[in-house]
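# Architecture and fold: a report
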Amino acid sequence: MSTQVEVTRSRVGGALRRRRNWEQLVKFCVVGASGYVVNLVVYTLLLRGLGLHYGPAAVGSFLVAVTNNYTWNRMWTFRSARGHVVFQGLRFFVVSVLALGANLVVLALLVAVGLDEVLAQAIAIVVVTPVNFVGNKLWSFRAGHR
């Protein structure tokens, strides 16, 4: 068991030392920031403009933001790891739906404790971002994954 732990530590350490991984993380965060703005603008329009409940508003804004994020991550962040657009898109969507599930849990908890719904969504997106990056880096845009 300790050998497996040592191998894992070595792989994680190696990944943390690779400049390319840090560059991808920065690009992912830039794309995520654009998706964050898109998500919050659409969410606020659906919530306050159309009067939707915060749950459906979060799902609607997610669909718009995930399209934005997939496009930019495919074209820019993980350009060297492009696979088949449909298969890679499906993997990205699966990771994003899992992140949405986590987002909805955090959002509901924050709203339940009395936070404003837009502020709660802003916080929930930030909380879920690291999981989203790791899932997309290791699965959706894994090098050589078609």
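Structure report, in brief. (Residues numbered from 1 in each chain as written. Predicted model: local features only at pLDDT ≥ 70, side-chain atom pairs only at ≥ 80, totals over all residues. Heavy atoms only, no water.)

## Re the overall build of the protein
When you go through the protein residue by residue, the secondary structure sums to 5 helices and 0 strands. Counting from the amino terminus, helix and strand elements in the protein follow one another as α-α-α-α-α. Taking all 146 residues of the protein together, 40% fall into the buried category. Of all intrachain contacts in the protein linking residues separated by at least 6 positions in sequence, the fraction that spans at least 24 positions is 68%. Element-wise, carbon and sulfur atoms account for 70% of the exposed surface of the protein, whose accessible area totals about 8,700 Å². (Helix = DSSP H or I, 4+ residues; strand = E, 2+ residues; numbered from the N terminus. Buried < 20%, exposed > 50% of the residue type's maximum accessible area, 1.4 Å probe, protein only. Contact = heavy atoms within 4.5 Å. Areas by Shrake-Rupley, 256 points an atom, 1.4 Å probe, with all protein chains shown as cover.)

## Remarks on the pattern of salt bridges
Here the structure, examined in full by the defined rule, presents 2 salt bridges. In this structure, Glu-23 and Arg-19 form a salt bridge, with 2.5 Å as the shortest nitrogen-oxygen distance. You can see Glu-23 and its partner Arg-19 sitting in helix H2 (residues 19–49), 4 residues apart, about one turn around the helix. The exposure class of Glu-23 is partly exposed, given its relative accessible area of 37%. Classification of Arg-19 as exposed rests on a relative accessible area of 65%. (Salt bridge = Lys/Arg side-chain N within 4 Å of Asp/Glu carboxyl O.)

## Details of a nonpolar patch on the surface
Together, Val-26, Val-30, Trp-72, Met-75 and Trp-76 give the surface a local cluster of nonpolar side chains, amounting to about 480 Å² of exposed area. Secondary-structure elements contributing two or more residues to the nonpolar patch are H2 and helix H3 (54–77). Checked against the element boundaries, Met-75 lands in helix H3. Given a relative accessible area of 41%, Met-75 falls into the partly exposed group. (Patch = residues over 30% accessible without salt bridge, like charges linked within 9 Å, V, L, I, M, F, W, Y side chains within 5 Å.)

## Describing the nonpolar core
Tyr-43, Leu-47, Tyr-54, Ala-57, Leu-107, Val-111 and Ala-120 are the most contacted members of the largest nonpolar core, which has 14 residues in total. Those elements that place two or more of their residues in this core are H2, H3, helix H4 (85–112) and helix H5 (117–140). Excluding anything up to four places from it in sequence, Leu-47 contacts Leu-52, His-53, Tyr-54, Ala-57, Glu-117 and Val-118. Phe-62, Phe-78, Phe-92 and Phe-133 belong to the second largest nonpolar core, which has 9 residues in total. (Core = buried A, V, L, I, M, F, W, Y, C linked by side-chain atoms within 4.5 Å.)

## Considerations on the packing of aromatic side chains
All chains considered together, the criterion is met by 8 aromatic pairs. With a centroid separation of 6.1 Å and an interplanar angle of 25°, the aromatic rings of Tyr-70 and Phe-141 are classed as stacked. Here the residue Tyr-70 occupies a position in helix H3, and Phe-141 occupies one in the segment after H5, the gap between them amounting to 71 residues. Of the two residues, Tyr-70 and Phe-141, neither departs from the other in class, the shared state being buried. Aromatic side chains Phe-92 and Phe-141 sit 5.9 Å apart centroid to centroid with 65° between the ring planes, which places their arrangement in the edge-to-face category. In this pair, Phe-92 is assigned in helix H4 and Phe-141 in the segment after H5, connecting sequence segments 49 residues apart. Note on accessibility: Phe-92 and Phe-141 belong to one class, buried. (Phe/Tyr/Trp six-rings, centres within 6.5 Å; stacked < 30°, edge-to-face > 60°.)

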